[in-house]
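The chain contents come next:
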Amino acid sequence: MGDIRIGRVRMSTTAAQQRVGEYTDPDHIDSKSPYAYPAYDELDTGSDANQLNDGDLLACTLLNVRLSTSAFYRFRDMRPDLEAALSATPDAPLVDLDDESVSAKTRSLYAVLDADRSAHGARGQSGTTLSKILHRKHPESLPLHDKWVRECYLGTEAVPRVRRRSWADYMVLVTLAMKQDLARHQEEFAQLRAAVRGDTHLTDLRILDILAWTSKGAG
């Protein structure tokens, strides 16, 4: 088996399978520090793929995001614009979308966050939090983001470091970089999907996030 590249991080396919298997091991639910799988992935808030109810906004807490009361109110105010952006494009595997469609979809969602931050200030809401709200809605095409994803991708040729950049601009670059990695490793990600030990299906983007998180930005 060959290597898998996640941004600047490389790991063997065997190591990646072991990480996915451990993360999705049903026995880990009963441990002192259980992983978010499958709680985050199975969470039923009663909304459809293009709706964001209050439960959807709070789902990010299952991925270790502390959502302040202030941030919750701000995301709730953004909800109509976010829902409109979700409804504009159906969910589809990222590798099946052209770059223009990926860019337009990603930008339309994170531009809502940028506009809110410009009008009201940060007040606790960030692109990382928004990504963990949105991913459950369109898990095939909207990636998760955290500091370990940033460690994997920021500073690469695909996502260069700049002093200031909007969340929309940044997330477009990260998502396109992820698309390249998924397209490069389609066979390997098929093997990783088979390595999931629980009953809940995971998309390639969710698996990529598991690999980034468990790598801690290193191979």
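Reading the values: the criteria
- Residues numbered from 1 in each chain as written.
- Predicted model: local features only at pLDDT ≥ 70, side-chain atom pairs only at ≥ 80, totals over all residues.
- Heavy atoms only, no water.
- Helix = DSSP H or I, 4+ residues; strand = E, 2+ residues; numbered from the N terminus.
- Contact = heavy atoms within 4.5 Å.
- Buried < 20%, exposed > 50% of the residue type's maximum accessible area, 1.4 Å probe, protein only.
- Phe/Tyr/Trp six-rings, centres within 6.5 Å; stacked < 30°, edge-to-face > 60°.
- Salt bridge = Lys/Arg side-chain N within 4 Å of Asp/Glu carboxyl O.
- Pairing = 2+ DSSP bridges.
- Core = buried A, V, L, I, M, F, W, Y, C linked by side-chain atoms within 4.5 Å.

## Details of the side chain of Thr203
Part 1 of the argument: Along the chain, Thr203 falls in the loop between α9 (186-195) and α10 (204-215).
Part 2 of the argument: In contact with Thr203, not counting residues within four places along its chain, are His135, Pro139 and Glu140.

## A word on helix α6 (residues 127-134)
Part 1 of the argument: In terms of burial, α6 is a largely internal element, 8 of the 8 residues being buried.
Part 2 of the argument: Within α6 the residues assigned to the buried category are Gly127, Thr128, Thr129, Leu130, Ser131, Lys132, Ile133 and Leu134.
Part 3 of the argument: For α6, the secondary structure elements touched by its buried residues are α2 (39-42), α3 (54-58), α4 (69-88), α5 (99-120) and α8 (167-184).

## Some points on the packing of aromatic side chains
Part 1 of the argument: Overall, the coordinates contain 5 aromatic pairs when judged by the stated rule.
Part 2 of the argument: Summarising the aromatic geometry, the rings of Tyr23 and Tyr35 are spaced 4.8 Å apart at their centres and angled 15 degrees between planes, so their arrangement reads as stacked. With Tyr23 in helix α1 (residues 13-23) and Tyr35 in the loop between α1 and α2, this residue pair connects regions lying 12 residues apart in the sequence.
Part 3 of the argument: Residue Tyr23 is classed as buried on the basis of its relative accessible area, which comes to 6%.
Part 4 of the argument: Note on Tyr35 and Trp213: the rings are 5.8 Å apart at their centroids and 85 degrees apart in plane angle, and the pair reads as edge-to-face.

## What to know about the environment of Leu109
Part 1 of the argument: On the secondary structure map, Leu109 appears in helix α5.
Part 2 of the argument: Classification of Leu109 as buried rests on a relative accessible area of 0%.
Part 3 of the argument: It is 5.9 Å that separates the C-alpha atoms of Leu109 and Ala85, two residues lying 24 residues apart in sequence.
Part 4 of the argument: When neighbours within four sequence positions are excluded, Leu109 is seen to be in contact with Leu82, Ala85, Leu86, Leu130, Leu134 and Leu142.

## Let's talk about the pattern of salt bridges
Part 1 of the argument: Taken as a whole and assessed by the stated rule, the structure comprises 13 salt bridges.
Part 2 of the argument: Asp41 serves as the salt-bridge partner of Arg206, at 2.7 Å between the closest nitrogen and oxygen. Of this pair, Arg206 sits in helix α10 while Asp41 sits in helix α2, placing them 165 residues apart in sequence.
Part 3 of the argument: Notably, a salt bridge pairs Asp181 with Arg184, separated by 2.7 Å at the nearest N-O pair. With Asp181 and Arg184 both in helix α8, this residue pair falls 3 residues apart, about one helical turn.
Part 4 of the argument: Given the relative accessible area of 3%, Asp181 is considered buried.
Part 5 of the argument: Taking the relative accessible area as the measure of exposure, Arg184 reaches 40% and is therefore partly exposed.
Part 6 of the argument: Among the charged side chains, a salt-bridge network with shared partners connects Asp41, Arg206 and Asp209.

## Section: unusual backbone geometry
Part 1 of the argument: Of the consecutive residues Tyr37 and Pro38, the connecting peptide bond is found in the cis state with omega at 5 degrees.
Part 2 of the argument: Here Pro38 lies in the loop between α1 and α2.
Part 3 of the argument: Notably, Lys216 is not glycine yet its phi reads approximately 55 degrees, a positive angle.
Part 4 of the argument: Here Lys216 is to be found in the segment after α10.
Part 5 of the argument: For Lys216, a relative accessible area of 38% gives the class partly exposed.

## Concerning the pairing of strand β1 (residues 3-6)
Part 1 of the argument: Only one face of β1 is covered, namely the face carrying Ile4 and Ile6; the face carrying Asp3 and Arg5 is uncovered.
Part 2 of the argument: Pairing of β1 with strand β2 (residues 9-12), which is carried by 4 bridges, proceeds in the antiparallel orientation. Residue pairing across strands places Asp3 opposite Ser12, the latter belonging to β2.
Part 3 of the argument: In this antiparallel pair of consecutive strands, β1 and β2, the connection spans 2 residues, and Gly7 shows a positive phi of 65 degrees.

## Details of the nonpolar core
Looking at soluble globular proteins, one finds that nonpolar side chains tend to be buried together.
Part 1 of the argument: Counting 60 residues, the largest nonpolar core has Ile6, Tyr110, Tyr153, Phe189 and Leu211 as its most contacted members.
Part 2 of the argument: With residues up to four places along the chain from it excluded, the contact list for Ile6 reads Met11, Cys152, Tyr153, Asp181, Phe189, Leu208, Leu211 and Ala212.

Such coordinate-based values are descriptive only and should not be taken to indicate function.
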